Amino acid sequence: MSIIEAIDAKRDGRENSEAELRSLASGAADGSIPDYQLAAWLMAAYLNGLSPRETADLTLAMAASGERLDLTGLPKPWVDKHSTGGVGDKTTLVVLPILAACGLTMVKMSGRGLGITGGTIDKLDSVEGFRTDLSPEEMKGQAARIGLALTGQTPRLAPADKALYALRDVTGTVASVPLITASILSKKIAGGAETVVLDVKCGSGAFMRTLNEAQALAASLVSVGELAGLAVRSVVTDMDQPLGRCVGNALEVREAWETLAPGGEYGPATARFRELCLQLAGIALEAVGKGGLAEAVDALESGAAFAKATEWFVDQGADPAAILAAGWQQAPARADVKANRPGWIARVDARQIGEAAVSLGAGRRTKADEIDPRVGIECLAPVGSGVAAGQAVLRVHARDDQSAQRAALDLTRAVEVVDGEVFASPVLLA
Ligand code: URA
């Protein structure tokens, strides 16, 4: 098969055969197809779509582009969770230890930031010593010891996704139902889990902006996942405002840690994040026949999840005490965005905040961009909060005063204050 024929077919709106998709996935994985041809195919697939049959074939081809982790010997159930990506989405850092504390075996491969959405691996890279390059053998060994292991995309598991994911991030080809489906599920299949909980984000800070689009993605993930033999649960969750208080790598790790710490104090934005973590954990527990939400709440409130997270960070090479220490990964400059009038917060625009975070250095615009772990934005007043005139509603953390001031100025458009009382939408939409 020639890659040019596969590109021509997709460009002209025709279907690619299973053999073409297999060659595309293996060529992406071994580097034999150059980036410019992969990028051309991705754009054609983005514009013309893939049929359900092509999506399933691409998913299986990407999963088969490397090894499949064999979890035999580890206690069941083998569970994984995944989010389609949002602004401020750090749920993995809380949900994994909750579920491992409840006795589930959690083995997860996570990604880097994609577009304006952050990636778990970029967040964890802000923690000194935390290893995000575990080999499949190390993953299995660690999961056997503590019930939980997480790694970045290794060249050995679903390598086609690693190559395509990095290209999609910088070629405007992220927000495609078939490409997201194949990307997520190829990693889940290669990671060896049997049950997968998928959090499909919906709103201005997500790839799927409307409920219809998000539900279409959820349906595609469930049907292709089931074809591949996985038990899949999916939920659609709100991403019109950032999830939680913090957006930015180290800021988000710290917020996750504060959420895990028993008896910790948190405001309404973090409470919304905490609620979503508990709901996702509850769905996973229910899916495997355990105690659902009540068991998840107990694991978090008893401190069992915090103890598990501590074990996890230590096992992967980090000192978790550093995260809560004063001054940890603190950016040198700050600037606040203030409410220009008294009233109620009606909008905290996740897209604008995600874009501002990338401009500050929390995400990438090209494959080679370096992340600054310290920068980001704190959302001090979530939708529905009452505010006084002059009250700080966003806090920018930046590398220098000039970029802090510039971001704060841009972000005045991201927050809307109105006269009448506002009620935030529920975090779980469908
Ligand atoms: N998460 C993934 O792993 N892949 C995507 O394409 C989008 C979100």
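Above this text you will find the structure in question.
These remarks concern the structure in this document. (Residues numbered from 1 in each chain as written. Predicted model: local features only at pLDDT ≥ 70, side-chain atom pairs only at ≥ 80, totals over all residues. Heavy atoms only, no water.)

## Observations concerning the packing of aromatic side chains
Going by this rule: Pairing of aromatic rings covers Phe, Tyr and Trp, the last counted by its six-membered ring, and requires centre-to-centre distances within 6.5 Å; plane angles under 30 degrees mean stacked, over 60 mean edge-to-face, and any other angle means tilted. Every helix listed is a DSSP run of H or I at least four residues long, and every strand listed is a run of E at least two residues long, numbered separately from the N terminus. Residue burial is assigned from relative accessible area. The probe radius is 1.4 Å, only protein chains are included, and a residue is buried under 20% of its type maximum, exposed over 50%, and partly exposed in between.
Per the counting criterion, the structure on display carries five aromatic pairs. The interplanar angle of 85° and the centroid separation of 6.0 Å between the aromatic rings of Phe130 and Trp312 together place this pair among those described as edge-to-face. With Phe130 in the loop between α6 (120–124) and α7 (136–146) and Trp312 in helix α14 (residues 304–315), this pair connects stretches of sequence that are 182 residues apart. For Phe130, a relative accessible area of 6% puts it in the buried group. Ring centres of Phe130 and Phe313 lie 4.9 Å apart, and the angle between their planes is 65°; this geometry places the pair in the edge-to-face category. Here Phe130 is found in the loop between α6 and α7, whereas its partner Phe313 is found in helix α14, with 183 residues between them in sequence. Of the two residues, Phe130 and Phe313, both sit in the buried class. A connected cluster of aromatic rings, assembled from ring pairs, spans Phe130, Trp257, Phe306, Trp312 and Phe313.

## Some thoughts on the pairing of strand β8 (residues 343–348)
What counts is decided by this rule: Only strands joined by at least two bridges in the DSSP assignment are considered to pair.
Bridging between β8 and strand β10 (residues 386–387) involves two bridges; their strand directions are antiparallel. Each bridged residue has a counterpart across the sheet, and for Gly343 the counterpart in β10 is Val387. When β8 meets strand β12 (residues 415–418), the two strands line up antiparallel, connected through four bridges. Bridging across to β12, Arg347 finds its partner in Glu416.

## So, the pairing of strand β7 (residues 333–338)
Every second residue of β7 is oriented toward a common face, the buried set being Ala333, Ala335 and Val337 and the non-buried set Arg334, Asp336 and Lys338. When β7 meets strand β11 (residues 392–398), the two strands line up antiparallel, connected through six bridges. In the strand pairing of β11, Ala335 is matched with Val396.

## Remarks on the sheet that holds strand β5 (residues 231–238)
Formally: Lines are fitted to the C-alpha atoms to define the axes, a helix being fitted only along its stretch in contact, and any angle between axes, read from their N-to-C directions, falls within 0 to 180 degrees.
Pairing is parallel in the open sheet, where five strands are placed in the order β3-β2-β1-β4-β5. Pairing within the sheet leaves two strands with one partner each, and these edge strands are β3 (148–151) and β5. Neighbouring strand axes in the sheet, compared pairwise and without regard to direction, differ in orientation by 20° on average. In this sheet, strand β4 (residues 195–202) lies alongside strand β1 (residues 78–83) in parallel orientation, the contact comprising five bridges. Bridge pairing in β4 links Val79 to Thr195.

## Observations regarding the side chain of Asp169
Inclusion rule: Charge assignment in this entry is limited to Lys and Arg as positive and Asp and Glu as negative, and neither His nor the chain termini are counted. For this analysis, a salt bridge means a side-chain nitrogen from Lys or Arg found within 4 Å of a carboxyl oxygen belonging to Asp or Glu. Throughout this description, a polar contact denotes any pair of N or O atoms lying within 3.5 Å of each other; where both atoms belong to protein, one of them has to be capable of donating a hydrogen while the other can accept it, and for residues adjacent in sequence the pair is counted only when both atoms sit in side chains. Any two residues having at least one pair of non-hydrogen atoms within 4.5 Å are treated as being in contact.
By secondary structure assignment, the location of Asp169 is in helix α8 (residues 159–169). For Asp169, which is buried and forms no salt bridge, the nearest opposite charge comes from Arg364, at a distance of 5.2 Å. From its side chain, Asp169 meets the backbone nitrogen of Gly115 in a polar contact 2.3 Å long. Here Asp169 is in contact with Gly113, Leu114, Gly115, Val174 and Arg364, once residues within four sequence places are set aside.

## As for the nonpolar core
For the record, the criterion: The definition of a nonpolar core used throughout is a set of buried Ala, Val, Leu, Ile, Met, Phe, Trp, Tyr and Cys residues joined through side-chain atoms within 4.5 Å.
The biggest cluster of nonpolar side chains holds 80 residues, and the ones touching the most others in it are Ile353 and Leu394. By residue number, the principal contributor to this core is helix α12 (residues 268–287), which donates eight residues. When sequence neighbours within four positions are dropped, the list of residues in contact with Ile353 reads Val87, Pro242, Val247, Val348, Ile377, Cys379, Leu394, Leu411 and Ala414. Judged by nonpolar contacts, the second largest core, of 24 residues, contains Ala193, Cys202, Leu230 and Val236.

## Digging into the site of the ligand
Applied cut-off: Note on definitions. A residue lies near a molecule or strand when any single heavy atom of the residue is within 4 Å of it. Side-chain classes are defined by residue name, with Ala, Val, Leu, Ile, Met, Phe, Trp, Tyr, Cys and Pro counting as nonpolar, Asp, Glu, Lys and Arg as charged, and the others, Gly among them, as polar.
Looking at the ligand, the residues that line it are His82, Ser83, Thr84, Leu114, Tyr165, Arg168, Ile180, Ser183, Ile184 and Lys187. In the environment of the ligand, an oxygen atom lies 2.9 Å from a nitrogen or oxygen atom belonging to the side chain of His82. At a separation of 2.6 Å, an oxygen atom of the ligand approaches a polar side-chain atom of Lys187. Going through the elements one at a time, β1, α8 and α9 (177–191) are the ones with two or more residues in the shell around the ligand. At four residues, α9 tops the list of elements feeding residues into the shell around the ligand. Per-class residue counts for the shell around the ligand are four nonpolar, four polar and two charged.

## Structural notes on the environment of Pro159
Turning to its location among the elements, Pro159 is positioned in helix α8. Measuring from C-alpha to C-alpha, the distance between Pro159 and Ile180 comes to 15 Å, with 21 residues separating the pair along the chain. Non-local contacts of Pro159, meaning those with residues more than four positions away in its chain, are made with Ala29, Ser65 and Gly66.

## Section: the pattern of salt bridges
Tallied over the entire structure, the rule returns 35 salt bridges. A salt bridge links Lys188 to Asp80; the shortest N-O distance between them is 3.0 Å. Highlighted residues: Lys188 in helix α9 and Asp80 in strand β1, separated in sequence by 108 residues. What makes Lys188 buried here is its relative accessible area of 1%. Here the salt bridges share partners, and the residues they tie into one network are Asp8, Arg11, Asp12 and Arg14.

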